[in-house]
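Commentary on secondary and tertiary structure
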Amino acid sequence: MNNTQLKNVTDIFKHHFDGVEPQVVCAPGRVNIIGEHTDYNGGHVLPCAINYQTLISFSARNDQEVHVVAADYDDEQDRFCIDDNIAHNEDKFWSNYVRGVVSVMAQHYPNLVGVNMVISGDVPQGAGLSSSAALEVGVAKVISEVSSLALSNQTLALISQQAENEFVGCQCGIMDQLISASGNAGHALLINCETLATAPISLPDNSAVLIVNSNVKRGLVDSEYNTRRKQCEVAAKHFGVALLCDIDIDTFEAGKQGLANVELKRARHVVYENHRTLDAADALSKGDIKALGDLMRASHASMKDDFEITTPEIDYLVGVLNEAIGDNGGARMTGGGFGGCVVAVLPSDQVASVCELIESRYFEKTGIKESIYLSKACQGVHIL
Ligand code: GLA
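About the cut-offs
Residues numbered from 1 in each chain as written. Predicted model: local features only at pLDDT ≥ 70, side-chain atom pairs only at ≥ 80, totals over all residues. Heavy atoms only, no water. Buried < 20%, exposed > 50% of the residue type's maximum accessible area, 1.4 Å probe, protein only. Helix = DSSP H or I, 4+ residues; strand = E, 2+ residues; numbered from the N terminus. Pairing = 2+ DSSP bridges. Domains from an automatic or database assignment. Contact = heavy atoms within 4.5 Å. Buried area = accessible area lost by both parts, 1.4 Å probe. Salt bridge = Lys/Arg side-chain N within 4 Å of Asp/Glu carboxyl O. Polar contact = N/O pair within 3.5 Å; in protein donor to acceptor, adjacent residues only side chain to side chain. Near = heavy atom within 4 Å. Areas by Shrake-Rupley, 256 points an atom, 1.4 Å probe, with all protein chains shown as cover. Nonpolar A, V, L, I, M, F, W, Y, C, P; charged D, E, K, R; others polar. Axes fitted to C-alpha atoms, helices over the stretch in contact; angles between N-to-C directions.

1. Focus: the pairing of strand E3 (residues 47-60)
The element E3 is largely enclosed, with a buried count of 13 among its 14 residues. In this structure, strand E1 (residues 23-32) lies alongside E3, joined through nine bridges in antiparallel fashion. The residue bridging Arg30 from the neighbouring strand is Ala49, located in E3.

So, in structure tokens, the structure goes:
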């Protein structure tokens, strides 16, 4: 977040709401270093919150209405009353994240206080960097604040996930909302998605986390995502467990006979990815970037061949990055898949040359111009 963004979101608030000086909440997007599609299977993930964020300027109202302005959508506005039957907004899709969170909170907490809000953000949208989770967690924090609920970060994340599952309609896991709520500056967060236990893992000083957006428009994301979830549930049933990550590699290998080929591949990705994630956290905490890189490459191959969620453009980007980085780190697709971004961990002093290489090769190969973000691991949701 930069000072211009902060000034904008404050000035726009004053403009729309009678010159009142607002408070501002900041909620970050995320990049996942490893552990893909493991969260809803009760496994581990290793994301970090990034320095691309949603800012929400706000102040309490003395009624039970929510008035909200979307600064990034030409100051489009929405207004609704807080009750336990908040409807969808059929015209302004962005507002359903706000309505969803308020609706879930109204079910859990009576007498919420009304609020005026202005929302603005620089998390790239539709890129797999969790712009929606950042918005949801930011709104949950605002409502918690004006209603003096003092909710924990974990509770903010669970409310946001419930809003996404039940109001928006994507059956996502807990990773995006939990890292947006609980990120630690300078650290990735190892999350056990079954118990929600978290452990910060420090990122080595001389390494960088680079994000390259393929700018491939993600298609069919929600339907493919929900299909993958169902296939994992079928596989879990085969093994007689509630969640796939309740089995380890040996149990998988011993019991995989009889699974249909597609479910077998999905399960193999999830079970091995869960183990890779724990190994990656271990490698990272020892500063063993080569081991981390090998695990990232294995993760990508598994997403490509077994979970089948990559695209040719993403595979190409990952190939170029891994070739350039060699044993000094690694790269893989990050997020739900079918386009979006690639994440690389590499020595800081290699960043410039790697970016140059991507710039010279990606467009030539695909006809699409990438976007590159050098990310810092940041704190989760907070009041500025
Ligand atoms: C999306 C979902 C997350 C997670 C990832 C895949 O980002 O929102 O819950 O499942 O995909 O790891």
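Here the narrative resumes.
2. Some details on the domain arrangement of the chain
Interface size is commonly expressed as the accessible area that is lost once the parts come together. Partitioning the chain into domains gives domain 1 (3-202) and domain 2 (207-375). Computed from C-alpha atoms alone, the centre-to-centre distance between domain 1 and domain 2 is 26 Å. Domain 1 puts 35 residues into the contact, and the matching count from domain 2 is 44 residues. Each partner contributes to the roughly 3100 Å² buried at the junction of domain 1 and domain 2, and carbon and sulfur atoms together form 64% of this total. On inspection of domain 1 and its partner domain 2, the count reaches one salt bridge. Its salt-bridge partner being Glu36, residue Arg332 comes within 2.6 Å of it at the nearest N-O pair. Between the two partners, domain 1 and domain 2, sit 16 residue pairs in polar contact (both at pLDDT 80 or more). If you list the elements that add at least two residues to the side of domain 1 that touches domain 2, you get E1, strand E2 (44-45), E3, strand E7 (187-192) and strand E8 (198-202).

3. Digging into the site of the ligand
Lining the immediate surroundings of the ligand are Arg30, Glu36, His37, Asp39, Tyr40, Cys172, Gly173, Met175, Asp176, Tyr225 and Gly336. Within the contact set of the ligand, an oxygen atom lies 2.9 Å away from a backbone nitrogen or oxygen of Gly173. In isolation the ligand offers 300 Å² of accessible surface; the protein chains occlude 91% of this area. The class makeup of the residues in the shell around the ligand is four nonpolar, three polar and four charged.

4. A closer look at the sheet that holds E7
Remark on secondary structure: sheet strands pair via backbone hydrogen bonds, oriented parallel or antiparallel. Taking strand neighbours across the sheet as the criterion, the three strands line up as E2-E7-E8 in an open arrangement whose pairing is antiparallel. In the strand order of this sheet, the two ends are held by E2 and E8, each with one partner. Of the strand pairs in this sheet, E2 and E7 are connected by two bridges, and their pairing is antiparallel. Residue pairing in the sheet places Val45 in a bridge with Ile191 of E7. Contacts between helix H5 (residues 175-182) and the sheet are confined to E2, E7 and E8, with E7 contributing the most and set at about 135° to the helix.

5. Some points on the sheet that holds strand E13 (residues 382-383)
Taking strand neighbours across the sheet as the criterion, the six strands line up as E5-E4-E6-E3-E1-E13 in an open arrangement whose pairing is mixed. Only two strands of the sheet have a single neighbouring strand rather than two, namely strand E5 (76-81) and E13. As defined by bridge partners, E3 adjoins strand E6 (residues 115-121) across seven bridges and the pair is classed as antiparallel. Paired with Ile56 across the two strands is Ile119, which belongs to E6. The strands touched by helix H1 (residues 3-16) within the sheet are E1, E3, strand E4 (65-70), E5 and E6, with E3 carrying the most contacts at an inclination of about 20°. Against the sheet, helix H2 (residues 95-108) engages E4, E5 and E6, with an angle of about 20° to E5.

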